[in-house]
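# Summary of structural features
Spelled out from the first residue to the last, the chains are:
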2 protein chains.
Amino acid sequence: MAGTDTKQRIIRKGAGLMHRNGYNHTGIQEVLDMAGVPKGSFYFYFKNKEDFGLHIIDFFSDNFKKIFIRILLDESLSPLERLKKFFTALRDYFNQQNCTLGCPFGNISQEMSDQNEKFRKKLNGIFEQIREAIASILLEARDCGEMEDIRNIDDMAGFIFNGWEGALIDMKLKRSCEPLDVFIRTVFNQLLK
Amino acid sequence: MAGTDTKQRIIRKGAGLMHRNGYNHTGIQEVLDMAGVPKGSFYFYFKNKEDFGLHIIDFFSDNFKKIFIRILLDESLSPLERLKKFFTALRDYFNQQNCTLGCPFGNISQEMSDQNEKFRKKLNGIFEQIREAIASILLEARDCGEMEDIRNIDDMAGFIFNGWEGALIDMKLKRSCEPLDVFIRTVFNQLLK
């Protein structure tokens, strides 16, 4: 149990640093200092820095599912209400972070896709799952008449999710949640109706 | 003249490395080795690495205006034809790069916005100019009846440009131009009509 706790503590501290500074700029020693764990322990739990990075992506993905993807499955709301609540909850999270950091998946994708195939494939799989969850919502919304038919549901799900990722870059640039608000207004008042 | 040439050569080599590896991961010594210039020269032309980075962003911005923004001003085409040609020309550029690299502005924004205010403000200004150019096109398209009226032209211009930046992250993840094609199809067949 103590071993699992230590491993989780290293991962949590690493996740915080990697979210802020990126993968290449996160030093193992800094993570271990913050976690209060000696260096030898690191190699007991992780093969190397790459393996550690992949664990951190899984940690982000598990949290994202628990907190945000869960909203997409809440059947007490209509499909588009769920989708809007999903993006609004994310918006509120970033607002709490003073419009910094951005999406850990988007950040690491940007930084690592050209450098490391394991990262690229893992992150692509996570994006694929999110797009599929959004596509299911759109299908449901169309089938229950909550919005007009659209030509290609999968295209639209990808377009919407990519629009969100781009809005997060703009949020960091403007140091303001306004691009996220523009995204939500445009998707729900103009795109899906 | 030789001085200007040397300065430009250092900037060009630095731009290539920074586009591929990011700002923090680009070493001055590597740039100078590639440019065949001794270290002393660097500090003759640039105050420090930050100043060099800001010059590189200007270099990208000048090239972007010369090659791509120019398309938005081509009055031989209708407004939406110009906008579609602009995104298609960018798509073709990324296709030539085997769907790697991504947008230098988006990459450096992602990496540096939380770390350096000068970078954040300069990049925000560049994004603002691009959004304004797109908003002008949308106004023209609306006024000449090429598309229906939309609620808020500035919102739509921001939403579209952010959608493009997000599609570029997805392009790197998929190592495919498909997300750019989805973006172009969705914007021109579903969003603006």
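That block above? That's the structure.
All values reported here derive from a predicted model rather than from experimental measurement. (Residues numbered from 1 in each chain as written. Chains lettered and ligands numbered in written order. Predicted model: local features only at pLDDT ≥ 70, side-chain atom pairs only at ≥ 80, totals over all residues. Heavy atoms only, no water.)

## A short note on the interface of chain B and chain A
Taken residue by residue, the interface counts 43 residues in chain B and 43 residues in chain A. Of the roughly 4100 Å² buried between chain B and chain A on both sides combined, carbon and sulfur atoms contribute 52%. Among the residues chain B hides against chain A, the three largest losses belong to Gln110, Phe159 and Leu173 of chain B. Together they make up 19% of the total. A salt bridge links Asp155 of chain A to Arg185 of chain B; the nearest nitrogen and oxygen atoms lie 2.8 Å apart. Counting across the chain B and chain A interface gives 16 residue pairs in polar contact (both at pLDDT 80 or more). Listed by contribution, the elements that provide at least two residues to the side of chain B that touches chain A are helix 6 (104-112), helix 7 (117-143), helix 8 (153-174) and helix 9 (178-191) of chain B. The biggest single contributor to the side of chain B that touches chain A is helix 8 of chain B, with 13 residues. In terms of residue class, the side of chain B that touches chain A is made up of 14 nonpolar, 16 polar and 13 charged. (Contact = heavy atoms within 4.5 Å. Buried area = accessible area lost by both parts, 1.4 Å probe. Salt bridge = Lys/Arg side-chain N within 4 Å of Asp/Glu carboxyl O. Polar contact = N/O pair within 3.5 Å; in protein donor to acceptor, adjacent residues only side chain to side chain. Helix = DSSP H or I, 4+ residues; strand = E, 2+ residues; numbered from the N terminus. Nonpolar A, V, L, I, M, F, W, Y, C, P; charged D, E, K, R; others polar.)

## Focus on the pattern of salt bridges
Taken as a whole and assessed by the stated rule, the structure comprises 30 salt bridges over all chains. Among the salt bridges present, the one from Arg91 of chain A reaches Asp181 of chain A, with a minimum N-O distance of 2.7 Å. With Arg91 of chain A in helix 5 (residues 79-96) and Asp181 of chain A in helix 9 (residues 178-191), this pair connects stretches of sequence that are 90 residues apart. We classify Arg91 of chain A as buried; its relative accessible area is 18%. In this structure, Lys174 of chain A engages Asp170 of chain A in a salt bridge whose closest nitrogen and oxygen atoms are separated by 3.1 Å. Separated by four residues within a single helix, Lys174 of chain A and Asp170 of chain A lie in helix 8 (residues 153-174), roughly one turn from each other. With relative accessibility at 1%, the residue Asp170 of chain A sits in the buried group. Connected via shared salt-bridge partners are Glu128 and Arg131 of chain A together with Asp170, Lys174 and Glu178 of chain B. (Buried < 20%, exposed > 50% of the residue type's maximum accessible area, 1.4 Å probe, protein only.)

## A look at the packing of aromatic side chains
Across all of its chains, the model carries 41 aromatic pairs over all chains by this definition. Measuring from ring centre to ring centre gives 5.6 Å for Phe64 of chain B and Phe68 of chain B, while their planes differ by 45°; the resulting arrangement is tilted. You can see Phe64 of chain B and its partner Phe68 of chain B sitting in helix 4 (residues 49-72), four residues apart, about one turn around the helix. The pair Phe64 of chain B / Phe68 of chain B is uniform in exposure class, with both members buried. Between Phe127 of chain B and Phe161 of chain B the ring centres are 5.1 Å apart and the planes differ by 80°, which places this aromatic pair in the edge-to-face class. Linking Phe127 of chain B in helix 7 with Phe161 of chain B in helix 8, this pair joins segments that are 34 residues apart in sequence. In this structure, Lys49 of chain A is placed above the aromatic ring of Tyr23 of chain A, and the distance from its NZ or CZ to the ring centre is 4.5 Å. (Phe/Tyr/Trp six-rings, centres within 6.5 Å; stacked < 30°, edge-to-face > 60°. Lys NZ or Arg CZ within 6 Å of the ring centre and 35° of its normal.)

## A few points about the nonpolar core
The biggest cluster of nonpolar side chains holds 135 residues, and the ones touching the most others in it are Leu138 of chain A together with Leu138 of chain B. Setting aside anything within four residues of it in sequence, one finds Leu138 of chain A in contact with Leu80, Leu83, Met147, Ile150, Ile153, Met156, Ala157, Ile160 and Leu192 of chain A. (Core = buried A, V, L, I, M, F, W, Y, C linked by side-chain atoms within 4.5 Å.)

## Focus on the relation of the copies chain B and chain A
The two copies are related by a screw motion: chain B maps onto chain A through a turn of 180° and a shift of 0.0 Å along the axis, at an RMSD of 0.0 Å. These values place the two chain copies in the arrangement generated by a two-fold rotation axis. When the interface residues of chain B are mapped onto chain A, 100% of them are again interface residues, pointing to one common binding face. (Least-squares fit on C-alpha atoms with pLDDT ≥ 70 in both.)

## Description of the environment of Phe86 of chain B
All names here are of chain B. With respect to the helices and strands, the residue Phe86 is situated in helix 5 (residues 79-96). Note: C-alpha distance between Phe86 and Arg70 (16 residues apart in sequence) is 8.6 Å. Once residues within four sequence positions are removed from consideration, Phe86 is found in contact with Phe64, Phe68, Ile69, Ile71, Leu72 and Ile130.

## What about helix 9 of chain A?
Over its 14 residues, helix 9 of chain A extends 18 Å from the first C-alpha to the last, a length consistent with the 20 Å expected when each residue adds 1.5 Å. Burial of helix 9 of chain A is extensive: ten of the 14 residues sit out of reach of the surface. Listing the buried residues of helix 9 of chain A in full gives Pro179, Leu180, Val182, Phe183, Ile184, Thr186, Val187, Phe188, Gln190 and Leu191 of chain A. As for helix 9 of chain A, its buried residues are in contact with helix 5 and helix 8 of chain A together with helix 8 and helix 9 of chain B. (Expected span 1.5 Å × (residues − 1).)

## So, the packing of helix 5 of chain A against helix 8 of chain A
Residue and element names in this part refer to chain A. At a closest axis distance of 13 Å, the pairing of helix 5 and helix 8 adopts a crossing angle of 15°. With respect to each other, helix 5 and helix 8 are oriented roughly parallel. Crossing geometry of helix 5 relative to helix 8 is assigned as right-handed. Together, Phe87, Leu90, Arg91 and Phe94 of helix 5 and Ile160, Trp164, Leu168 and Met171 of helix 8 make up the contact between the two elements. (Axes fitted to C-alpha atoms, helices over the stretch in contact; angles between N-to-C directions. Parallel < 35°, antiparallel > 145°, perpendicular 65-115°, else oblique. Left-handed = near helix turned anticlockwise from the far one by under 90°.)

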